[in-house]
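Chain residues, written in single-letter form:
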Amino acid sequence: MNCLNIILMPTLLVMASTALAAKLSGTIIGTPEFDSGSNKAANAFDGNLETSYTCAQRPSGQEAWIGLDFGVKKDISKVAYCPRKDRESRLVNVVVQVANKPDFSDAVTAYTLPSKTSDIPFALTEVPFANVVSGRARLLNTQPPEGYFTVAELSFDGADHVYPQMDVSKATILSSRPFDSSGSNAPSNGADGDTGTSFNSEQQIGGQHWFGYDFGSLKVFSGVTYCPRQGRENRLANTVVQVASKADFSDAVDAGTLPSTVSFALTTKLFGKTLVGRYVRLLNANPPEGWFSIAELGVLGEDYLPVTPKRPNVTVSCVFNQRANFRLIGDPDTFSYVIQRKLSDEDDSSWSDWKFFSNVGADEKVNIVGDADVFEDTDFRFRAENGD
């Protein structure tokens, strides 16, 4: 997680990144909406303060939230929010969180909204940030009043995050056959940080030539930096950048193509998205006169932190006398659960929440005790929630 040293700035913020900040887009994520009409989640991102999102009512003690998944890391520079008119209290003490994992288990609180309703006006309020880098952001209410969380408008400004240069000295160099394995044509010249030296492949007309790295484990890549051999710039023209997880590049993804005219300079080529893989290379399928040369190849990226979505495997049995039993099996985290009771045999929409409990550990047996007439001839069902 790179969301460290968060600084709240009271005035205009100048980002370290050269990219211009703009309103960020992404996939809407959060607590299910109250309905798909006047309370739908999309209302919070439509630019209209007169429309709003309201979550489905939450049981006591359950949090509610709404935010965006940007798909890739962004340098977030600002959040803007507006309460629903006459429902300002539903944003009291709400926090702005950023995270990289889908379940927000690595969340960092970037800002806390005021604790008084009088300090949350019906207006778009903007809060600038610095040093916030994340792939997801949200508004979180840990104690929504009467179980309802409402927001009229929410947006985040920012720019694409530029990933750092990876340490290629820790990677294994991959290359087609070199002109010689040591000296002025050695593969190591392409990774020595010196644009005055270069890797030169053995001449092979009509054959594929490449140079790249094996990073030993999965990484997240966002781009490369490259420099051609001086006086042989045409040998990198139209070269393809590939990312793969298999050593033979049978699953390679083409991340971009170098231009047809290449200058002798260290140049950055961004992919426009992030790609996960272990291997990166430049591939030239038909270099001029069968020669392939490169002075330097760098890679932009960082370690890949896989996330396993939490999917509880729940088995339930109900004994219709004086007790209902169930056991949570699987994920070691805790869950919240609701026992629902069907009020009408004829109407399948008559299910209603009967009992709610939270923080039940996996593989923990729970008994629900009631009078015999409560369970007799009554249908029950079970719903588990874990914030996923």
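Worth saying up front: this structure is predicted, and the values here are computed from it rather than measured.

What counts, and where the lines are drawn
- Residues numbered from 1 in each chain as written.
- Predicted model: local features only at pLDDT ≥ 70, side-chain atom pairs only at ≥ 80, totals over all residues.
- Heavy atoms only, no water.
- Phe/Tyr/Trp six-rings, centres within 6.5 Å; stacked < 30°, edge-to-face > 60°.
- Buried < 20%, exposed > 50% of the residue type's maximum accessible area, 1.4 Å probe, protein only.
- Helix = DSSP H or I, 4+ residues; strand = E, 2+ residues; numbered from the N terminus.
- Lys NZ or Arg CZ within 6 Å of the ring centre and 35° of its normal.
- Salt bridge = Lys/Arg side-chain N within 4 Å of Asp/Glu carboxyl O.
- Patch = residues over 30% accessible without salt bridge, like charges linked within 9 Å, V, L, I, M, F, W, Y side chains within 5 Å.
- Areas by Shrake-Rupley, 256 points an atom, 1.4 Å probe, with all protein chains shown as cover.
- Core = buried A, V, L, I, M, F, W, Y, C linked by side-chain atoms within 4.5 Å.
- Contact = heavy atoms within 4.5 Å.
- Lys, Arg positive; Asp, Glu negative; His and termini not counted.
- Polar contact = N/O pair within 3.5 Å; in protein donor to acceptor, adjacent residues only side chain to side chain.

Asker: Would you take a moment to explain the packing of aromatic side chains for this structure?
Answerer: Each aromatic ring pair is summarised here by two numbers: the centre-to-centre distance and the angle between the ring planes. Throughout the structure, instances matching the rule amount to 11 aromatic pairs. Taking 5.7 Å as the distance between ring centres and 75° as the angle between the ring planes, the aromatic pair formed by phenylalanine 211 and tyrosine 213 counts as edge-to-face. We classify tyrosine 213 as buried; its relative accessible area is 0%. Summarising the aromatic geometry, the rings of phenylalanine 249 and tyrosine 279 are spaced 5.9 Å apart at their centres and angled 55° between planes, so their arrangement reads as tilted. Pair noted here: phenylalanine 249 is in the loop between β14 (240–244) and β15 (253–257) and tyrosine 279 is in strand β16 (residues 267–284), with a separation of 30 residues, a long-range link. Neither phenylalanine 249 nor tyrosine 279 differs from the other in exposure class; each is buried. Linked through ring pairs, Phe199, Phe211, Tyr213, Phe215, Phe221 and Phe292 together constitute an aromatic cluster. Here the guanidinium or amino end of arginine 138 rests over the ring plane of phenylalanine 104, the centre of that ring lying 4.1 Å away. We note arginine 281 situated over the ring of phenylalanine 249; from NZ or CZ to the ring centre the distance is 4.0 Å.

Asker: What am I meant to see in the pattern of salt bridges here?
Answerer: Opposite charge on two side chains allows them to pair when their charged atoms are near. Taken as a whole and assessed by the stated rule, the structure comprises 8 salt bridges. Close ionic contact of arginine 177 with glutamate 202 constitutes a salt bridge, the shortest N to O distance being 3.5 Å. In this pair, arginine 177 is assigned in the loop between β11 (172–175) and β12 (199–200) and glutamate 202 in the loop between β12 and β13 (209–227), connecting sequence segments 25 residues apart.

Asker: Help me out: how do you make sense of a nonpolar patch on the surface in this one?
Answerer: Residues Leu218, Val276 and Tyr304 make up a contiguous nonpolar surface patch of roughly 230 Å² in combined accessible area. Within the element layout of this structure, valine 276 appears in strand β16. Valine 276 gets classed as partly exposed once you look at its relative accessible area, which sits at 40%.

Asker: Which parts of the structure should I look at to understand the nonpolar core?
Answerer: Counting 30 residues, the largest nonpolar core has Ile76, Phe129, Leu139, Phe149 and Phe156 as its most contacted members. It is strand β5 (residues 64–82) that provides the largest number of residues to this core, a total of 7 residues. Excluding anything up to four places from it in sequence, isoleucine 76 contacts Leu24, Phe70, Val98, Phe129, Val132, Ser134, Ala137, Phe156, Asp157 and Gly158. Listed in part, the 24 residues of the second largest apolar core include Phe211, Phe215, Tyr226 and Phe292.

Asker: For this particular structure, what's the right way to read the environment of phenylalanine 70?
Answerer: As for its placement among the helices and strands, phenylalanine 70 is situated in strand β5. Each C-alpha atom of the pair phenylalanine 70 and serine 134 lies 8.5 Å from the other, and the pair is 64 residues apart in sequence. Sequence-distant contacts of phenylalanine 70, that is, excluding residues within four places in its chain, are made with Leu24, Ser25, Gly26, Ile76, Ser134, Gly135, Arg136, Ala137 and Phe156.

Asker: Help me out: how do you make sense of the side chain of glutamate 296 in this one?
Answerer: Position of glutamate 296 among the secondary structure elements: in strand β18 (residues 296–303). One buried charged residue, glutamate 296, remains without a salt bridge, the closest side chain of opposite sign being arginine 229 at 12 Å. Here the side chain of glutamate 296 touches aspartate 194 through a polar contact of 3.1 Å, landing on its backbone nitrogen. Contacts of glutamate 296, omitting those with residues within four sequence positions, involve Asn189, Gly190, Ala191, Asp192, Gly193, Asp194, Thr195, Thr225, Tyr226, Cys227 and Leu266.

Asker: Could you clarify how one ought to interpret the environment of aspartate 254 in this entry?
Answerer: Relative to the helices and strands, aspartate 254 is located in strand β15. For the pair formed by aspartate 254 and leucine 282, sequence separation is 28 residues and the distance between their alpha carbons is 9.8 Å. Leaving out residues up to four positions away in the same chain, aspartate 254 has contacts with Val240, Val241 and Gln242. Here the side chain of aspartate 254 touches glutamine 242 through a polar contact of 3.1 Å, side chain to side chain.

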